[in-house]
Amino acid sequence: MSTTFCSSVSTQATSLATTRISFQKPALVSRTNLSFNLRRSIPARLSISCAAKPETVEKVSKIVKKQLSLKDDQKVVAETKFADLGADSLDTVEIVMGLEEEFDIEMAEEKAQKIATVEEAAALIEELVEAKK
């Protein structure tokens, strides 16, 4: 019975969708014995996509470089953590103040304290700018 069931599931799934579902071994119907092969590649390493616009991230990166007096060749990207750039809590406050001035926004202290990366800062800025409209 389990072989017939598996076969019919595979046939129905193949006719309804482009993704092929197949069972590697005939098995009793139980959750531990089923195996699905979706026949598509799954990336070994996931990439991080930034929620903020690239131009906002770029602007934040420039402000961070300026506030921390970093060299022009120092790479600051969305995933860059302020702590990795040598920023302490006072530096982070100065970065937030620079961002508030540049974007003409005001960040709540509890939200500002949670910012650790360029991406987080850019996403919060976009959220505040949108709310301001």
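Scroll up to find the structure this text is about.
Residues numbered from 1 in each chain as written. Predicted model: local features only at pLDDT ≥ 70, side-chain atom pairs only at ≥ 80, totals over all residues. Heavy atoms only, no water.

**As for the overall build of the protein**
So, step 1. For the protein, the helix and strand inventory stands at five helices and zero strands.
So, step 2. Listing each helix as α and each strand as β along the protein from the N terminus yields α-α-α-α-α.
So, step 3. Looking at the 133 residues of the protein, the share that counts as buried comes to 32%.
So, step 4. Sequence-distant contacts in the protein: of pairs separated by 6 or more residues, those separated by 24 or more amount to 48%.
So, step 5. Carbon and sulfur atoms provide 52% of the accessible area of the protein, an area that totals close to 10000 Å². (Helix = DSSP H or I, 4+ residues; strand = E, 2+ residues; numbered from the N terminus. Buried < 20%, exposed > 50% of the residue type's maximum accessible area, 1.4 Å probe, protein only. Contact = heavy atoms within 4.5 Å. Areas by Shrake-Rupley, 256 points an atom, 1.4 Å probe, with all protein chains shown as cover.)

**Considering the side chain of Thr-117**
So, step 1. With respect to the helices, strands and loops of the structure, Thr-117 is situated in the loop between helix H4 (109-113) and helix H5 (118-132).
So, step 2. The class for Thr-117 is buried, based on a relative accessible area of 10%.
So, step 3. If we ignore the near neighbours within four places in the chain, the residues touching Thr-117 are Ala-78, Glu-79, Thr-80, Lys-81 and Phe-82.

**Remarks on the side chain of Ser-61**
So, step 1. Assignment of secondary structure puts Ser-61 in helix H2 (residues 54-67).
So, step 2. Looking at Ser-61, the relative accessible area reads 4%, which means it is buried.
So, step 3. Within the structure, Ser-61 has its side chain in polar contact with the backbone oxygen of Val-76 (distance 3.3 Å).
So, step 4. Among residues more than four places away in sequence, those in contact with Ser-61 are Val-76 and Val-118. (Polar contact = N/O pair within 3.5 Å; in protein donor to acceptor, adjacent residues only side chain to side chain.)

**Focus on a nonpolar patch on the surface**
So, step 1. Residues Leu-90, Val-93 and Met-97 make up a contiguous nonpolar surface patch of roughly 300 Å² in combined accessible area.
So, step 2. Within the secondary structure, Val-93 is located in helix H3 (residues 89-103). (Patch = residues over 30% accessible without salt bridge, like charges linked within 9 Å, V, L, I, M, F, W, Y side chains within 5 Å. Salt bridge = Lys/Arg side-chain N within 4 Å of Asp/Glu carboxyl O.)

**Section: the nonpolar core**
So, step 1. The biggest cluster of nonpolar side chains holds 26 residues, and the ones touching the most others in it are Val-60, Val-64, Phe-82, Leu-99 and Met-107.
So, step 2. Mapped by element, the contributors of at least two residues to this core are H2, H3 and H5.
So, step 3. Per element, the largest residue contribution to this core is six residues, and it comes from H5. (Core = buried A, V, L, I, M, F, W, Y, C linked by side-chain atoms within 4.5 Å.)

**Considerations on H5**
So, step 1. With 15 residues, H5 should reach 21 Å at 1.5 Å per residue; the first-to-last C-alpha distance of 21 Å fits that figure.
So, step 2. Of the residues making up H5, those classed as buried are Val-118, Glu-119, Ala-121, Ala-122, Leu-124, Ile-125 and Leu-128.
So, step 3. Contacts made by the buried residues of H5 are with H2, H3 and H4. (Expected span 1.5 Å × (residues − 1).)

**Quick look at the environment of Leu-68**
So, step 1. On the secondary structure map, Leu-68 appears in the loop between H2 and H3.
So, step 2. Note: C-alpha distance between Leu-68 and Ile-95 (27 residues apart in sequence) is 8.1 Å.
So, step 3. Beyond its immediate stretch of four places on either side in the chain, Leu-68 contacts Leu-85, Ala-87, Asp-91 and Ile-95.

**Observations concerning the environment of Lys-59**
So, step 1. As for its placement among the helices and strands, Lys-59 is situated in helix H2.
So, step 2. Accessibility expressed as a relative area gives 36% for Lys-59, which makes it partly exposed.
So, step 3. Once the C-alpha coordinates of Lys-59 and Phe-103 are considered, the two residues, 44 residues apart in sequence, prove to be 9.6 Å apart.
So, step 4. For Lys-59, the residues in contact, after removing those within four places along its chain, are Glu-102 and Phe-103.

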